[in-house]
Amino acid sequence: MKKALSVESLERRSVVQLENASLLGPSSFPRKSLSFREDSPIIDHDYGKFSQDVISSRVLRSIKVVVFSTKINLLLPFGPMAMLVDKLFDNHGLVFLFSLLGIIPLAERLGYTTEQLTLFTGPIVGGLLYATFGNATELIISIHALKSGLIRLVQQSLLGSILSNLLLVLGCAFFAGGLVFHKREQTFNRHELTFCNHQADPTLDFGLLLMAVMGLLFPAVLHATYTELEHEKSQLTLSRFTSCIMLVAYASYIVFQVQSQKNMKVLDNEDVGLSKEASDDAEVPEISMWESMIWLSILTGGISVLSEYLVKTIEGASKELKMPVAFLGVILLPIVGNAAEHVGSIMFAVKDKLDISVGVAVGSSIQISMLVIPFCVVVGWMIECPMDLNFQPFETISLFMTVIIVAFMLHNRTSNYFKGIILILCYLIVSASYFVHTDPALVGKL
């Protein structure tokens, strides 16, 4: 009996020693007395050092991927320079320009981290993330302007983003792609476009854009024809009601496109059997989900800070640069704020991926017109700022004509450099119009 107990005890001791050896490593195997107690200074020191090394390595790798992986981040120092100039000098023009340049890399990296985050989510959540952060720069600037009571600046900057995407971005993409592939016309199949992970349809796209034009047109006509039931109240009530309808329409559009995408994937897998190949070719995230969320918070905060400088110096910048506020809001602000997106669309066209270029330009315009603009009206409603959809006849007509021209350019799904030239020249006409345009609503308010 004693011999059996001794053998059993020896076996148990051997098992404990083997477990300690496997957990602590070969160097710690002789130390049979070591245990995993919380008060063990050696183990805590080694584990703490290991944890710090791992955390430091991941932080450095994340910074390298997000900050040092693109040349556009060379513009990052302009953000701190804007704050420094604002503190030391009374030069609103420089602060405004430096803030614009500093926002460019932050906006581009915000789009990148959003894309990384959507790789960990499904199509529905991914679509909502794109809708939220895809035009976060414009939304943050608009909210700061609303808090300052600059309603016309919000309206004109958002309108300028739509005009810039539809005319300038699309025109440059067509022109660049047409020069590279001048021996043939580039084609794009709008039914295979993907924007925000959704299947796109030209009739839906321009139907939504025309719905946005209708939402902006009626309050402007109601005000211009003096047919309001209650002066300056009916258009505000109509704008808030219409904004809610537009938000419902945009949400329905996302759900419809997600369902269409799911059905398309099922058909593709059944007919061609590419499910395994698609899973093999799936994009691998470069940073983790938590790193993406942390970077989204940091970048959003940076854009918010620079947007505040941007908004508070626009009046002084208008006087020092001798440019109308309408021109700064409609032309300059959207061009610089969406510079990274513009360059990306051109690069896709040069690589003969015109589907993506058209999807970015048209899809971003839909987001701004059907999501950002009505959302700003609702936010103004909450903070008691009378933001409405009365964009004035001048702005509304320019938007309507832009949508019509782009619809005609895209109806046959072909592109060449001449179409690009036409769209760019149309944008120059719009730019010149706003340069000589004086907005009566801004006189004495900015």
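Residues numbered from 1 in each chain as written. Predicted model: local features only at pLDDT ≥ 70, side-chain atom pairs only at ≥ 80, totals over all residues. Heavy atoms only, no water.

If you look the protein chain up in an unreviewed UniProt entry, it shows as Vacuolar cation/proton exchanger from Crotalaria pallida. Its UniProt record gives the protein chain the following Function (unreviewed entry) comment, quoted word for word: "Vacuolar cation/proton exchanger (CAX). Translocates Ca(2+) and other metal ions into vacuoles using the proton gradient formed by H(+)-ATPase and H(+)-pyrophosphatase." Its UniProt record gives the protein chain a comment under Sequence similarities (unreviewed entry), which states: "Belongs to the Ca(2+):cation antiporter (CaCA) (TC 2.A.19) family. Cation/proton exchanger (CAX) subfamily." (UniProt positions renumbered as here; feature names shortened; annotations may be inferred.)

Regarding the overall build of the protein chain
Secondary structure assignment for the protein chain yields 17 helices and four strands. Within the span of the protein chain, comprising 446 residues, buried residues form 45% of the whole. Only carbon and sulfur atoms are counted for the fraction: they give 67% of the accessible area of the protein chain, which is about 23,500 Å². (Helix = DSSP H or I, 4+ residues; strand = E, 2+ residues; numbered from the N terminus. Buried < 20%, exposed > 50% of the residue type's maximum accessible area, 1.4 Å probe, protein only. Areas by Shrake-Rupley, 256 points an atom, 1.4 Å probe, with all protein chains shown as cover.)

Some points on the packing of helix α7 (residues 151-180) against helix α16 (residues 392-410)
Where α7 contacts α16, the two axes come as close as 11 Å, and the packing angle between them is 20°. The angle between α7 and α16 places the two elements in the roughly parallel class. Here the hand of the crossing between α7 and α16 comes out left-handed. Judged by residue contacts, Arg152, Gln156, Leu159, Ile162, Leu163, Leu166, Leu167, Leu170 and Phe174 of α7 engage Gln392, Glu395, Ser398, Leu399, Thr402, Val403, Val406 and Leu410 from α16. Classifying every residue of the contact of α7 with α16 by side-chain character gives 11 nonpolar, four polar and two charged. (Axes fitted to C-alpha atoms, helices over the stretch in contact; angles between N-to-C directions. Parallel < 35°, antiparallel > 145°, perpendicular 65-115°, else oblique. Left-handed = near helix turned anticlockwise from the far one by under 90°. Contact = heavy atoms within 4.5 Å. Nonpolar A, V, L, I, M, F, W, Y, C, P; charged D, E, K, R; others polar.)

Structural notes on unusual backbone geometry
Notably, Asp352 is not glycine yet its phi reads approximately 65°, a positive angle. In this fold, Asp352 is placed in the loop between α14 (339-350) and α15 (354-382). Residue classification places Asp352 among the partly exposed residues on the basis of a relative accessible area of 33%. Although it is not a glycine, Arg413 adopts a positive phi angle of roughly 60°. Along the chain, Arg413 turns up in the loop between α16 and β4 (414-415).

Things to note about the packing of aromatic side chains
Summed over all chains, the structure comprises four aromatic pairs. Centre to centre, the rings of Phe78 and Phe98 are 5.5 Å apart; their planes meet at 50°, and the pair counts as tilted. Here Phe78 is found in helix α3 (residues 78-88), whereas its partner Phe98 is found in helix α4 (residues 92-118), with 20 residues between them in sequence. In this structure Phe98 comes out as buried when scored by relative accessible area, which is 15%. Looking at Arg109, its charged tip hangs above the ring of Tyr112, at a distance of 4.3 Å from the centre. (Phe/Tyr/Trp six-rings, centres within 6.5 Å; stacked < 30°, edge-to-face > 60°. Lys NZ or Arg CZ within 6 Å of the ring centre and 35° of its normal.)

Examining helix α17 (residues 417-435)
The end-to-end C-alpha separation of α17 is 27 Å, in line with the 27 Å expected for 19 residues at 1.5 Å each. Listing the buried residues of α17 in full gives Lys419, Gly420, Leu423, Cys426, Tyr427, Val430, Ser431 and Tyr434. Looking straight down α17, one finds that the buried residues subtend no more than 145° of arc, so they occupy a single side. Of the exposed residues in α17, the ones pointing more than 90 degrees away from its buried face are Phe418 and Ile429. For α17, the N-terminal cap is Asn416; the gap from its side-chain oxygen to the backbone nitrogen of Phe418 is 3.1 Å. (Expected span 1.5 Å × (residues − 1). Arc of directions from axis to C-beta. Polar contact = N/O pair within 3.5 Å; in protein donor to acceptor, adjacent residues only side chain to side chain.)

What about the environment of Glu291?
For Glu291, the location among the structural elements is in helix α11 (residues 289-312). Classification of Glu291 by relative accessible area gives buried; the value is 13%. Through-space distance from the C-alpha of Glu291 to that of Ser62 is 7.3 Å; in sequence the pair is 229 residues apart.

Some points on helix α6 (residues 136-147)
Taking 1.5 Å as the rise per residue, α6 with 12 residues should run 16 Å; its terminal C-alpha atoms sit 17 Å apart, in good agreement. Across the 12 residues that make up α6, a large majority, 10, are buried. Within α6, burial applies to Ala136, Thr137, Glu138, Leu139, Ile140, Ile141, Ser142, His144, Ala145 and Leu146. The first or second residue beyond α6 is Gly149, which carries a positive phi of 80°.

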